[in-house]
Amino acid sequence: MPKILLVEDNEMNRDMLSRRLQRRGYEVVMAVDGQEGVALAQSEAPDLILMDMSLPVMDGWEATRQLKAASETTSIPVIALTAHAMSGDREKAMEAGCDDYDAKPIDLPRLLAKIEALLGKQPPS
Amino acid sequence: MKTGAARVLEQGAWVALFALAYFGAGIIGNIFYFEPERVATFWPASGIFLAGLLLSRFRLWPVLVLAAIVAHVAFDTLVSHKAVATSLFFTSADVVEACTGAFLLRHFLSMSGTLSQLKEILNLAVVAGVCSTALGAAVGAAAVVTVFPKAAYWSVWQVWWFADALGVLVVAPAILTWAGVTRRWIQTMSTRQMFEVSALFVAMLVVAQLVFGAASAPARSVFDFPYLVFLFLLWAALRFDPPIVATASLALTVLLIWNADQGRGPFIIPGRSVHEHVLALQAFLAVTPLSALILSAVVTARRRAERLLAEYNQRLEQQVAERTRELSQTLDHLAHATREAQDARAAAEEADRAKSQFLANMSHELRTPLNAIIGYSEMLQEEAEDLGQDDFTPDLQKINAAGKHLLALLNDILDLSKIEAGKMDLYLETFDLANMLRDVETTVQLLVEKNANTLVVHQHDNLGAMRADLTKVRQNLFNLLSNACKFTQRGTITLEVTREAVDGLEWVTFRVSDTGIGMTPEQMAKLFQPFAQADASTTRQYGGTGLGLAITKHFCQMMGGDITVESELGKGSTFNIKLPAQVNDHRAQPAPSAPPDSEALPAGVGAVLVIDDDPTVRELLQRSLTKEGIRVVSAAGGEEGLRLARELRPSAITLDVMMPGMDGWAVLTALKADADLADIPVIMLTIVDDKNLAYALGASDYLTKPVDRDRLVAILQKYRGEDPSRLVLVVEDDAAAREILQHTLEKEGWTVTAAENGRVALQRVAEQRPALILLDLMMPEMDGFQFAEALREREDWRSIPIVVVTAKDLTAEDHLRLNGYVEKILQKGAHSREALLAEIGDLVASCVARKAR
């Protein structure tokens, strides 16, 4: 069962997304800010990270940069979740090292397809 | 104002004084005459006469003349015992002289009564002192000759002349200068000055007496220096005002003449005739005081000039001080105003920032709860399904729909707010039109089917690339298409895209027409205004926000284009969006970067290193990038490229993969191994037949062999919804692999057709359009790349998703490394050259811009 690390500060979003992902058969680990996200990524070794961009303590871009820089976590695909769907945000997310990005509000089938695409690239765990 | 009587009295007194003075002068003059003709050597009366006339008004002159005559005749008869007739004759000479002199001076030389200027002194000397006296002397001499026939006319004339001249030159100035004296002048005379004046006079008179009273030769005394007195006059002239000088001259003259008359003085030289004595004396007397007077006048003038200068200076300084004060006041005001302006600007900037912040926050704040509504309602639907509680579903769907509608409204309102606040920016990028249209088509499909409509897309072949704000173009198209869908039932919606050149500029036109309900002219008029949907009831009936077209129009205009509409009620509507193929906007981001203005940065900053063995590519890239303002350095091979990269540290590197010697991958490895160069973004350029780069095809996905079942299933899930036919085409030359795939797919409920190479695969596609293609790259006859290209050429096949299956020699690690290191993998063959170069340009520009920050 693939493990997804969900880094999201908003409680409702976290709740919704984690439950719906779990229903789809994913194991979900959660972090509430960027710093916790980086820590959990290292300790939990998830198969994929869903990273909200606007986070307290450390924002999503910085967290992604750190994860991509560290050797243990660099291979974990990151999907950026952003509330702003402007092209500038897309570029910014990709710049930080995200493998893909999705806009809020979350369209679950769309997100799932992106998750599966990125997980499909992984070597068998 | 004096009364008439008082005036008459005053004038009478003046005349009386004059007459008296005249009489007195006559007595004095009489003392200094020489025998036998008894002509005076010094006649002060002329001076008095002249001065009197000059000091009086014209009207008084006759009275004065009369008084003079009376005085003179009285004197002559009483003192000199002359006959009245003789006296009258003599007097007439004086009258002529004085009147002529005074008249000339007053009338033609406009002399005032006082000798205040040098000019006046000179005029007096010449006109009155010389000319009028000469005239008077002529008359006088005639009188003398008449009375004393033995007298020599010319000598008499000369003596008379000189005597009168002396009288004028010595006496008149004395009177006139004192007449000009004001009370203030007397007051400003300090005690010290008075003492000095007294000292002067005493000394002068003593010395003068010594000189002039010296016995005549041969009993010469030591003091035979008549010119010594000049020193005193000089002293007086330099130190004091003209009245003092004139008085000194007068005193000297009197002294000299008195002594001479006694037979004393330097001019009495034995052996000389009396005449000669008198002449010498008179000459001396004429010149010396005159010189002194002139000097005095000059000095006075200078003093006055100095005083005026000082006054002017002071006034000037005052003015300057005043101006300076005014100026500094103005400066203060200016400084104050500037500060206020700065404050205002800071406040405005702050407000502006607050506005931006507000919009951003609102965006976030408003969307967050909406996300919750939409998300939870969806989730509950799923859970209700699981629990078999289907009757909850419709209500939950309503909540979901309402939430989505609210979100749409929100997005539109925020867009409009941004536009109106001037905060809507353009993000320009170059994109392939065909790709974008395919995207939009797919997105809109559901909406099309909702009202049982059909969508037809016509597009020019080779639409090529467009440089615009992709998001906005998509939004515009989606808006028009969704409107068309909403207002059309069981009809046709047509999207037509054309590209044409007008006046050297290229324009792209998107034309959306429908066979829907159409609009009336009144409705069309209000169309692009926010919140003015064609009809208030249309919102309720057809949904929508009423803002979409207003926003679309703004977006079009921002990009330099426009939107127009044609419609017929009951028949349908057509919307035309016309946009420039190359949108320019100075507000667009990211701006193509100019190299940063810092000399501290290394030479390569802002430059791009192009590594490619093909000289054409190098040249093309050079040209297109330079146009963007980016400096280009090129290398023909890997080693040269690495060397240049180390030297220049460029902001970005484009790297050809297929190169002889050291190929692109090797260069890439080397670049990433070097700590200095690892950070430089690399854009890899590849040609079509590079087997390791699945994404170069524009493939939707890829799998590695041997295929992992779960991965495959996941991918299949993804494409499950798209085409109901559930037909998958497997293109794979290896029979065993083909079978495995087939088996797996069928188990998942898919129908499978197979092909062992590209050519056969094309046939299969023609037979029946599959929903998905699994494609191996390495095949005989027609390999995967060629097949994909061929597929792309057919319009209706372009949208079939392709999952590429590659051999496992490219490890996942490689891919990830690539993902991290390589910006993008671009395919040289599939896009038009311009599009490719433009995309490279964009990428490079953004790399360079990033590096520069």
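Up top you'll find the structure we're talking about.
Residues numbered from 1 in each chain as written. Chains lettered and ligands numbered in written order. Predicted model: local features only at pLDDT ≥ 70, side-chain atom pairs only at ≥ 80, totals over all residues. Heavy atoms only, no water.

**Student:** I'm lost on unusual backbone geometry in this one. Help?
**Tutor:** Comment: phi is negative for the bulk of residues other than glycine, and the bulk of peptide bonds are trans. Positioned with a positive phi, Ala45(A) is a non-glycine residue whose angle comes to about 50°. Relative to the assigned elements, Ala45(A) resides in the loop between helix H2 (34-44) and strand E3 (48-52). Unusually for a residue other than glycine, Arg649(B) sits at a positive phi of about 50°. For Arg649(B), the location among the structural elements is in the loop between helix H19 (638-648) and strand E12 (652-656). (Helix = DSSP H or I, 4+ residues; strand = E, 2+ residues; numbered from the N terminus.)

**Student:** Could you clarify how one ought to interpret the packing of helix H9 (residues 228-239) of chain B against helix H10 (residues 242-261) of chain B in this entry?
**Tutor:** To characterise two packed helices, one gives the angle between the axes of the helices and the distance between these axes. Residues and elements named next belong to chain B. Relative to each other, H9 and H10 sit at 160°, their axes nearing to 9 Å. Considering their axes alone, H9 and H10 lie roughly antiparallel with respect to each other. Classified by chirality, the crossing of H10 by H9 is right-handed. Across the interface between the two elements, Val229, Leu233, Ala236 and Ala237 of H9 pack against Val245, Ala248, Ser249 and Leu252 of H10. (Axes fitted to C-alpha atoms, helices over the stretch in contact; angles between N-to-C directions. Parallel < 35°, antiparallel > 145°, perpendicular 65-115°, else oblique. Left-handed = near helix turned anticlockwise from the far one by under 90°. Contact = heavy atoms within 4.5 Å.)

**Student:** So what exactly am I meant to see when it comes to the packing of helix H14 (residues 470-486) of chain B against helix H17 (residues 548-558) of chain B here?
**Tutor:** Residue and element names in this part refer to chain B. Relative to each other, H14 and H17 sit at 145°, their axes nearing to 10 Å. Seen along the crossing, H14 lies across H17 with a hand that is left-handed. When H14 is examined against H17, the residues Lys472, Gln475, Asn476, Asn479, Leu480 and Asn483 are found in contact with a partner set consisting of Gly548, Leu549, Ile551, Thr552, Phe555, Cys556 and Met558. Tallied by class, the residues present in the contact of H14 with H17 amount to six nonpolar, six polar and one charged. (Nonpolar A, V, L, I, M, F, W, Y, C, P; charged D, E, K, R; others polar.)

**Student:** How should the packing of aromatic side chains be read in this particular structure?
**Tutor:** Any two aromatic rings considered together are summarised by their centre-to-centre distance and by the angle between their planes. Residues and elements named next belong to chain B. Under the definition given, this model contains 12 aromatic pairs over all chains. With 6.1 Å between their ring centres and 50° between their planes, phenylalanine 18 and tyrosine 22 make a pair best called tilted. Here tyrosine 22 and phenylalanine 18 lie together in helix H1 (residues 4-31), a separation of four residues that amounts to about one turn. Take phenylalanine 18: its relative accessible area is 4%, and that puts it in the buried class. Geometrically, the ring pair formed by phenylalanine 23 and phenylalanine 75 is edge-to-face, given 6.0 Å between the ring centres and 90° between the ring planes. You can see phenylalanine 23 sitting in helix H1 and its partner phenylalanine 75 sitting in helix H3 (residues 61-80), a full 52 residues away along the chain. Overall, phenylalanine 23 belongs to the partly exposed group, its relative accessible area being 27%. The rings of Tyr153, Trp154, Trp157, Trp161 and Phe162 are connected pair by pair, giving a single aromatic cluster. The cationic tip of lysine 472 hangs over the ring face of phenylalanine 555; the distance from NZ or CZ to the ring centre is 5.1 Å. Positioned above the aromatic ring of tryptophan 507, the side-chain terminus of lysine 578 is 5.3 Å from the ring centre. (Phe/Tyr/Trp six-rings, centres within 6.5 Å; stacked < 30°, edge-to-face > 60°. Buried < 20%, exposed > 50% of the residue type's maximum accessible area, 1.4 Å probe, protein only. Lys NZ or Arg CZ within 6 Å of the ring centre and 35° of its normal.)

**Student:** Help me out: how do you make sense of helix H22 (residues 735-747) of chain B in this one?
**Tutor:** Owing to its 3.6 residues per turn, the α-helix aligns residues three or four sequence positions apart on the same side. All names here are of chain B. Taking 1.5 Å as the rise per residue, H22 with 13 residues should run 18 Å; its terminal C-alpha atoms sit 18 Å apart, in good agreement. Burial in H22 covers these residues: Ala737, Arg738, Leu741, Thr744 and Leu745. Looking straight down H22, one finds that the buried residues subtend no more than 135° of arc, so they occupy a single side. Opposite the buried face of H22, by more than 90 degrees, sit the exposed residues Glu739, Ile740, His743 and Lys747. Where H22 terminates, the next one or two residues include glycine 749, which has phi positive at roughly 95°. (Expected span 1.5 Å × (residues − 1). Arc of directions from axis to C-beta.)

**Student:** Quick question: what am I supposed to make of the pattern of salt bridges here?
**Tutor:** Where charged atoms of side chains with opposite charge meet at close range, the side chains can pair. Following the criterion strictly, the structure yields 28 salt bridges over all chains and no others. Across the pair Glu306(B) and Arg302(B) runs a salt bridge whose closest N-O atoms are separated by 2.6 Å. One end of the pair is Glu306(B) and the other is Arg302(B), both in helix H11 (residues 274-387) and four residues apart, which spans about a single turn. Under the relative-accessibility criterion, Glu306(B) is labelled partly exposed at 39%. Taking the relative accessible area as the measure of exposure, Arg302(B) reaches 56% and is therefore exposed. As a salt-bridge pair, Lys472(B) and Asp469(B) come within 2.8 Å of each other at their nearest N and O atoms. Neither residue differs from the other here; Lys472(B) and Asp469(B) are each classed as buried. Because the salt bridges share partners, they merge into one network encompassing Arg20(A), Arg23(A), Arg24(A), Glu378(B), Glu382(B), Asp386(B) and Lys404(B). (Salt bridge = Lys/Arg side-chain N within 4 Å of Asp/Glu carboxyl O.)

**Student:** Help me understand the pairing of strand E7 (residues 505-514) of chain B, please; the structure alone is not making it clear to me.
**Tutor:** Remember that side chains alternate between the two faces of the sheet whenever the strand is regular. Residue and element names in this part refer to chain B. The buried fraction of E7 is high, at seven of 10 residues. Sheet topology note: the strand E6 (residues 492-502)/E7 ladder contains 10 bridges and is antiparallel. Residue isoleucine 493 lies in a different strand from E7, and its bridge partner there is aspartate 514. Counting the residues that bridge the hairpin from E6 to E7 gives two residues, and of these aspartate 503 lies at a positive phi of roughly 55°. Here E7 pairs with strand E9 (residues 572-580) via seven bridges, running antiparallel. By the bridge assignment for E9, valine 512 is matched with phenylalanine 575. (Pairing = 2+ DSSP bridges.)

**Student:** How do you make sense of the sheet that holds E9(B) when you look at a structure like this?
**Tutor:** The strands that make up a sheet are held in pairs by hydrogen bonds between backbone atoms, and each pair lies either parallel or antiparallel. Residues and elements named next belong to chain B. Ordered by their spatial adjacency, five strands build an open sheet running E4-E6-E7-E9-E8, and the pairing between neighbours is mixed. In this open sheet, the two edge strands, each paired with only one partner strand, are strand E4 (454-459) and strand E8 (562-568). Within this sheet the neighbouring strands show an average axis-to-axis angle of 15°, counted without direction. Relative to E9, E8 is paired through seven bridges, and the arrangement is antiparallel. Within E9, the residue paired with serine 567 across the bridge is serine 573. Together, E4, E6, E7, E8 and E9 form the strand contacts of H14, whose direction differs from that of E7 by roughly 25°. Each of E8 and E9 touches H17; the most contacted strand, E8, lies at about 135° to it.

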